[in-house]
Amino acid sequence: MAVVHRTTMQPTKLELLTEWLPTREWHAGGEARPERVGGFRLDDPAGEVGIEFMVVTDGEGDGTATHLVPLTYRGEPLDGAEHALVGTSEHGVLGKRWIYDGTHDPVLVGQLYALLTGRAQAQAQSLSDVPDLTVAVSPLTAEAAEGEADAAGAELVRVEDGPDHTDVVLRTPGAPAPLTLRVRRVLHAGTDLDPGVAGVTAEWRLPDGSSVRGVFAAEVTGLGS
């Protein structure tokens, strides 16, 4: 179980994202002014890495976009992931934290796979040991999850950014082919998974305080070879 500390981070997550978001292919462009409007966490079984799926809005009026930003928080740099570093921040309790684009972090990818195979549960974004029951999961089929289903056995193969998504390709021991999970970077309210497609849907808040939901991540067939 991860502990959510009531403390400060300097710089804050949103300050780091203000600089980082405009460098992404899927960002709408222009100066970023992100505001957090939702998300959830996953626990790292080893208790070492913080995992958060953060939703932020950016822009104003008709130009407002909603972005999904999976993040991981580490006490040491992740080898070989310099290109995925969002930045570093001083945590009031844990000290210096290295913050990464979580789609490039094997711990987040492994736990997303665990979520889709029923071996992990979404947790409330700002509370310790409280499941987030608003997160809905359509699990992977037995065929798609064939092989070793343990998240620790899920190997991150590659990551590819698109105009509104990031494709994460992973392989599990014994599986006949790699699995591609598409993380939606630009969220749209009211979207849902196609019948028979594994994935995750969840909520975020609109400026008027109401909640909407849409697809956060989904299995992609025909890719990943």
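As a reminder, the structure under discussion sits directly above these lines.
A brief look at the structure comes next.

Rules used in this analysis
Residues numbered from 1 in each chain as written. Predicted model: local features only at pLDDT ≥ 70, side-chain atom pairs only at ≥ 80, totals over all residues. Heavy atoms only, no water. Buried < 20%, exposed > 50% of the residue type's maximum accessible area, 1.4 Å probe, protein only. Helix = DSSP H or I, 4+ residues; strand = E, 2+ residues; numbered from the N terminus. Pairing = 2+ DSSP bridges. Polar contact = N/O pair within 3.5 Å; in protein donor to acceptor, adjacent residues only side chain to side chain. Contact = heavy atoms within 4.5 Å. Salt bridge = Lys/Arg side-chain N within 4 Å of Asp/Glu carboxyl O.

**Observations concerning the pairing of strand E12 (residues 211-220)**
Reasoning step 1: With eight of 10 residues buried, E12 lies mostly within the body of the structure.
Reasoning step 2: Taken together, the four bridges between strand E10 (residues 179-184) and E12 define a ladder with antiparallel strand orientation. Of the residues in E12, the one forming a bridge with Val183 is Ala217.
Reasoning step 3: Note: strand E11 (residues 199-205) against E12, seven bridges, orientation antiparallel. When the sheet's bridge partners are listed, Trp204 is paired in E12 with Val212.
Reasoning step 4: Hairpin connection, E11 to E12: the antiparallel pair is bridged by five residues, and Gly209 has positive phi, about 95 degrees.

**Section: the side chain of Arg185**
Reasoning step 1: Note that Arg185 resides in the loop between E10 and E11.
Reasoning step 2: Given a relative accessible area of 0%, Arg185 falls into the buried group.
Reasoning step 3: Within the structure, the side chain of Arg185 is placed 2.9 Å from the side chain of Asp101, a separation counted as a polar contact.
Reasoning step 4: Discounting chain neighbours no more than four positions away, the residues touching Arg185 are Trp26, Thr66, His67, Leu68, Val69, Pro70, Asp101, Thr103, Asp164, His165 and Thr166.

**Looking at the pattern of salt bridges**
Reasoning step 1: Counted under the stated rule, the structure contains 10 salt bridges.
Reasoning step 2: The salt bridge partner of Glu52 is Lys13, with a shortest N-O separation of 3.0 Å. Highlighted residues: Glu52 in strand E3 (residues 50-58) and Lys13 in helix H1 (residues 13-20), separated in sequence by 39 residues.
Reasoning step 3: Here Glu52 falls in the buried class, since its relative accessible area comes to 3%.
Reasoning step 4: The shortest N-O distance in the salt bridge between Arg41 and Asp43 comes to 3.4 Å.
Reasoning step 5: On the basis of relative accessible area, Arg41 is assigned to the buried category, the value being 7%.
Reasoning step 6: Ionic contacts of the salt-bridge type, sharing partners, join the residues Lys13, Arg36 and Glu52 into one network.

**Some details on the pairing of strand E4 (residues 65-74)**
Reasoning step 1: The buried fraction of E4 is high, at 10 of 10 residues.
Reasoning step 2: Taking every second residue as pointing to the same face, both faces of E4 are buried, with Ala65, His67, Val69, Leu71 and Tyr73 on one and Thr66, Leu68, Pro70, Thr72 and Arg74 on the other.
Reasoning step 3: Here E3 hands over to E4 after six residues, with Gly59 in that stretch at a positive phi of 105 degrees.
Reasoning step 4: Both E4 and strand E6 (residues 95-101) contribute to a ladder of four bridges, which runs antiparallel.

**What about helix H2 (residues 106-116)?**
Reasoning step 1: Most of H2 sits inside the fold, with nine of its 11 residues counted as buried.
Reasoning step 2: When we look at burial in H2, the residues that qualify are Leu108, Val109, Gly110, Gln111, Leu112, Tyr113, Ala114, Leu115 and Leu116.
Reasoning step 3: N-cap assignment for H2: the residue whose side-chain oxygen lies 2.9 Å from the backbone N of Val107 is Asp105.

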